[in-house]
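Read off the chains here:
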Amino acid sequence: MRKACVIGWPITHSRSPMIHGYWLKSHGIDGSYEKVAVQPENARAFLLGLEAGGFSGCNVTVPLKEIAFEAAQEKEASAIAVGAANTIWLEGGKICAANTDTYGFMTHLGKTVPDWQERDRPVLVLGAGGAARAIVYGFIESGVGQVLVANRTRARAEALSQHFGRKVKVVDWGARSEAARDAGVIVNTTTIGMKNEGSLDMDFRNAADSTVVADIVYVPLETEMLAVARKRGLRTVDGLGMLLHQAVPGFEKWFGVRPEVTGELRAMIVADLEKAA
Ligand code: ATR
């Protein structure tokens, strides 16, 4: 039996076991995927002991993604660009790492709004944490000419701009609605709006009709920012799709089958989110 898991601290709220459990069942695979609470000081040792523990690999969540990146011996470009790993597998006895948040976000965006890239306009990213890094990298890899980053703490946005180079430009947090006017895609990567806490206070009145507004927050599924955008008639992209799609590459590495993000899987997670609300 093949085994994988998700590690984090705490780990109670992770939906990854539901996602991978659904795929294990639908593909009839003799495998398991469990949650393991691992304290930061034990994370490195846990990863080094994956093979001995009979694991094919694991997902890594907050606050262990940077530790996992450091512990890995082989790192995919996605992990190197972000400086953090969320997916670990073993190859020839080596710990290999990827950051599939980029893949998850870009895949969901592409499936929801296939023509998002047709207009040659800048992308506006709100936030400058780890998630922002993964998403900025995705846009640059997709050939976007300019990514604007607005963050409450400007220094973090500047660090991100320095990391990715001249295509990433910092805009003031206070100027985010103004920057939204010219943006083709706007993405919230901050925690604002999670569980309906806080407001991004985005004003889309002057945004072009073709603007796409995405959020990585998925509790609630329709955040305040997405509701404002929808009422303005803009196309919206929710955060759940990123969560579902980021799980695909890991499952394939551990269990040897590339799974599908089906409507049934999505409905199952939506029902669980509603139950928890
Ligand atoms: P992650 O790695 O998941 O992206 P993070 O590194 O903690 O998480 O980043 C959280 C992001 O949400 C940051 O951009 C943070 O802004 P700061 O860099 O200024 O802390 C942003 N954020 C969280 N709460 C916020 C708030 N009340 N107002 C504005 N930005 C907020």
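Residues numbered from 1 in each chain as written. Predicted model: local features only at pLDDT ≥ 70, side-chain atom pairs only at ≥ 80, totals over all residues. Heavy atoms only, no water.

**Focus: the nonpolar core**
Judged by nonpolar contacts, the single largest core of 30 residues is most densely connected at Phe105, Val136, Phe139, Val147 and Val149. If you list the elements that add at least two residues to this core, you get α5 (101-112), β7 (123-126), α6 (130-141), β8 (147-150), α7 (154-164), β9 (168-171), β10 (185-188) and β11 (212-215). (Core = buried A, V, L, I, M, F, W, Y, C linked by side-chain atoms within 4.5 Å. Buried < 20%, exposed > 50% of the residue type's maximum accessible area, 1.4 Å probe, protein only. Helix = DSSP H or I, 4+ residues; strand = E, 2+ residues; numbered from the N terminus.)

**Considering the packing of aromatic side chains**
Throughout the structure, instances matching the rule amount to eight aromatic pairs. Ring geometry for Tyr33 and Trp254: centres 5.9 Å apart, planes at 40 degrees, overall tilted. Taken together, the positions of Tyr33 in strand β2 (residues 31-37) and Trp254 in helix α11 (residues 248-255) put the pair 221 residues apart, joining distant regions of the chain. Judged by its relative accessible area of 9%, Tyr33 is buried. Ring centres of Phe105 and Phe139 lie 5.8 Å apart, and the angle between their planes is 70 degrees; on these two criteria the pair is classed as edge-to-face. Placement of Phe105 in helix α5 and of Phe139 in helix α6 is noted, with a sequence separation of 34 residues between them. As far as burial versus exposure is concerned, Phe105 and Phe139 are alike and both buried. Aromatic ring contacts, followed pair by pair, group Trp23, Tyr33, Phe251, Trp254 and Phe255 into a single cluster. Across from the ring centre of Phe69, 4.3 Å away, lies the NZ or CZ of Lys75, which sits over that ring. (Phe/Tyr/Trp six-rings, centres within 6.5 Å; stacked < 30°, edge-to-face > 60°. Lys NZ or Arg CZ within 6 Å of the ring centre and 35° of its normal.)

**Describing helix α9 (residues 224-231)**
Within α9 the residues assigned to the buried category are Met225, Leu226, Ala227 and Ala229. Tucked into the core, α9 has its buried residues touching β7, β10, β11 and β12 (235-237). Gly233 lies just past α9 and shows a positive phi near 90 degrees. (Contact = heavy atoms within 4.5 Å.)

**Focus on the environment of Val123**
Checked against the element boundaries, Val123 lands in strand β7. Each residue touching Val123, except ones within four places of it in the same chain, is listed here: Phe139, Val144, Gln146, Val147, Leu148 and Val185.

**Some points on the domain arrangement of the chain**
Split by domain assignment, the chain resolves into domain 1 (2-100 + 247-276) and domain 2 (103-238). Computed from C-alpha atoms alone, the centre-to-centre distance between domain 1 and domain 2 is 26 Å. Summed over both sides, the interface of domain 1 with domain 2 buries roughly 940 Å², with 60% coming from carbon and sulfur. In terms of surface lost to domain 2, no three residues of domain 1 exceed Ala81, Val82 and Arg266, which account for 44% of the buried area on that side. Scanning the region where domain 1 abuts domain 2 turns up one salt bridge. Notably, a salt bridge pairs Asp238 with Arg266, separated by 2.7 Å at the nearest N-O pair. (Domains from an automatic or database assignment. Buried area = accessible area lost by both parts, 1.4 Å probe. Salt bridge = Lys/Arg side-chain N within 4 Å of Asp/Glu carboxyl O.)

**Overview of the site of the ligand**
By nearness alone, 13 residues border the ligand, and Gly130, Asn151, Arg152, Thr153 and Arg156 come closest of all. A distance of 3.1 Å separates an oxygen atom of the ligand from a polar atom in the backbone of Ala131. Within the side chain of Asn151, an N or O atom sits 2.6 Å from an oxygen atom of the ligand. Against a free-state accessible area of 640 Å², the protein chains account for coverage of 67% of the ligand. (Near = heavy atom within 4 Å. Polar contact = N/O pair within 3.5 Å; in protein donor to acceptor, adjacent residues only side chain to side chain. Areas by Shrake-Rupley, 256 points an atom, 1.4 Å probe, with all protein chains shown as cover.)

**Here's the deal with empty space enclosed by the protein**
Summed over the entire model, instances satisfying the criterion amount to one cavity of 30 Å³ or more. Within this model, the largest cavity holds a volume of roughly 30 Å³. Lining the largest cavity are Ile192, Gly193, Gly198, Ser199, Leu200, Asp215, Thr223, Glu224 and Met225. Tallied by class, residues from the lining of the largest cavity come to three nonpolar, four polar and two charged. (1 Å grid on protein atoms, 1.4 Å probe; cavity = no way out; pocket = protein on both sides within 12 Å on 5 of 7 lines; lining within 4 Å. Points joined across faces, edges and corners; volume = space filled by probe spheres on them. Nonpolar A, V, L, I, M, F, W, Y, C, P; charged D, E, K, R; others polar.)

**Re the packing of α6 against α7**
The packing of two helices is summarised by the inter-axis angle and the distance between the axes. Two numbers describe how α6 lies on α7: the axes approach to 11 Å, and their chain directions differ by 35 degrees. Classified by chirality, the crossing of α7 by α6 is right-handed. Here α6 contributes Ala132, Arg133, Val136, Tyr137 and Ile140 to the contact with α7, which in turn contributes Ala159, Leu160, His163 and Phe164. Classifying every residue of the contact of α6 with α7 gives seven nonpolar, one polar and one charged. (Axes fitted to C-alpha atoms, helices over the stretch in contact; angles between N-to-C directions. Left-handed = near helix turned anticlockwise from the far one by under 90°.)

**Some remarks on the pattern of salt bridges**
Summed over the entire model, instances satisfying the criterion amount to twelve salt bridges. Overlapping salt bridges bring together Arg15, Asp272 and Lys275 as one network.

**What about the sheet that holds strand β3 (residues 55-60)?**
A sheet is described by the order of its strands in space; here six strands give the open sequence β2-β1-β3-β5-β6-β4, paired in mixed fashion. Edge positions in the open sheet fall to β2 and β4 (74-75), since each of these has one partner strand only. Examined bridge by bridge, β3 and strand β5 (residues 87-91) share three bridges and lie antiparallel to one another. Within β5, the residue paired with Asn59 across the bridge is Thr87. Its contacts with the sheet place helix α2 (residues 40-48) against β1 (2-8), β2, β3, β5 and β6 (94-98), and it is angled at close to 165 degrees to β1. Packed onto the sheet, α11 meets β1, β2, β3 and β5 and runs at close to 25 degrees relative to β5. (Pairing = 2+ DSSP bridges.)

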